[in-house]
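Structure at a glance
Below, each chain spelled out in residue letters.
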Amino acid sequence: MKNKIVWFDFGGVLSPPIDELFDIYFEKTGIPSPVLKDAMHKVASHMGLETLSPIENALITEADWGKALREIIHQHYPDVNTSKARLEQFGEQWFSQVEPNLEMVNEFRRLKENGVTVGILTNNVIEWEPYWKNMLGLDGIADYIVDSCKERRRKPEPEFFYIAEQYSGYSPEQSILIDDLLVNCESAAKRGWSTVHFKNCQQALSDLQTLINI
């Protein structure tokens, strides 16, 4: 299967589900998930952007983003105590004590061992890179890592998939995306990629098996 490349999403595929990550953060900080999600949305909407675009496209620093989150929470949710939250160093606290999705990480390694080209296609943040890469332990195994914060493009923008094609040298017809967000899969499919919409490990691995028979 050297004529195929499998791109794994990070958040929600190689990592635990996003909602689970919000719950873990609540346990660390006491900030309820709906409050934090709303603050993220408000910070972005004030810039005319999608929820995480400001930091995933490196348009704002982690420190400034965290400061804006804190101000929004204080303004709109004055009863929420943010004293335990290191919002200005968000990534370090967000990823602490978080374990990867080992079943999908092991599949990543298995594909690589069987000669399949594998990559990580992620919407992510410059300052978070040491934490999520350390969590996965795939930095020396992945053939390619394409990160939105370095390209100033993000899923589901078609240009981001084009950038992945340029880095890897694989055509859309040779490219497979595993992603937990349907909108990302739909965008990739419009470019001619094969996709696996990740809902759970068993389903995703079964769907992948139909595309790559190893």
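To start, this report covers the structure provided alongside it.

Reading the values: the criteria
Residues numbered from 1 in each chain as written. Predicted model: local features only at pLDDT ≥ 70, side-chain atom pairs only at ≥ 80, totals over all residues. Heavy atoms only, no water. Pairing = 2+ DSSP bridges. Helix = DSSP H or I, 4+ residues; strand = E, 2+ residues; numbered from the N terminus. Axes fitted to C-alpha atoms, helices over the stretch in contact; angles between N-to-C directions. Phe/Tyr/Trp six-rings, centres within 6.5 Å; stacked < 30°, edge-to-face > 60°. Buried < 20%, exposed > 50% of the residue type's maximum accessible area, 1.4 Å probe, protein only. Lys NZ or Arg CZ within 6 Å of the ring centre and 35° of its normal. Salt bridge = Lys/Arg side-chain N within 4 Å of Asp/Glu carboxyl O. 1 Å grid on protein atoms, 1.4 Å probe; cavity = no way out; pocket = protein on both sides within 12 Å on 5 of 7 lines; lining within 4 Å. Points joined across faces, edges and corners; volume = space filled by probe spheres on them. Nonpolar A, V, L, I, M, F, W, Y, C, P; charged D, E, K, R; others polar.

**Focus: the sheet that holds strand β5 (residues 194-197)**
- As summarised here, the arrangement of the five strands in space is β3-β2-β1-β4-β5, forming an open sheet in which the pairing is parallel. Because the sheet does not close on itself, it has two edges, and the strands there are β3 (144-147) and β5. Ignoring strand direction, the axes of neighbouring strands in this sheet form an average angle of 20 degrees.
- Sheet topology note: the strand β1 (residues 5-8)/strand β4 (residues 175-179) ladder contains four bridges and is parallel.

**Quick notes on the packing of aromatic side chains**
- Inspection of the entire model under this criterion finds 14 aromatic pairs.
- Ring plane angle 45 degrees and centroid distance 5.4 Å describe the contact between Y25 and W94, whose orientation is recorded as tilted. Residue Y25 is found in helix α2 (residues 18-29), and its partner W94 is found in helix α6 (residues 90-95); the two are separated by 69 residues along the sequence. Each member of the pair, Y25 as well as W94, is classed as buried.
- Between F161 and W193, the aromatic rings sit 5.2 Å apart at their centres with planes inclined by 70 degrees, giving edge-to-face as the arrangement. In this pair, F161 is assigned in helix α10 (residues 158-168) and W193 in the loop between α11 (182-190) and β5, connecting sequence segments 32 residues apart.
- Since its relative accessible area comes to 0%, F161 is described here as buried.
- A cation over an aromatic ring shows up here: K37 above the ring of F22, its NZ or CZ 4.9 Å from the ring centre.

**Some details on the pattern of salt bridges**
- On inspection of all chains with the given rule, the structure shows 13 salt bridges.
- Where E56 meets R154, a salt bridge forms, and the shortest distance between an N and an O atom there is 2.6 Å. Here E56 is found in helix α4 (residues 53-56), whereas its partner R154 is found in the loop between α9 (148-151) and α10, with 98 residues between them in sequence.
- Assessed through its relative accessible area of 7%, E56 is described here as buried.

**Thoughts on empty space enclosed by the protein**
- Scanning the entire structure with this criterion turns up one cavity of 30 Å³ or more.
- Put simply, the largest cavity is a space of about 40 Å³.
- Surrounding the largest cavity, E107, R110, L111, L205, L208, Q209, I212 and I214 form its lining.
- The set of elements that each furnish at least two residues to the lining of the largest cavity consists of α7 (102-113) and α12 (201-211).
- Across the lining of the largest cavity, the residue classes tally to five nonpolar, one polar and two charged.

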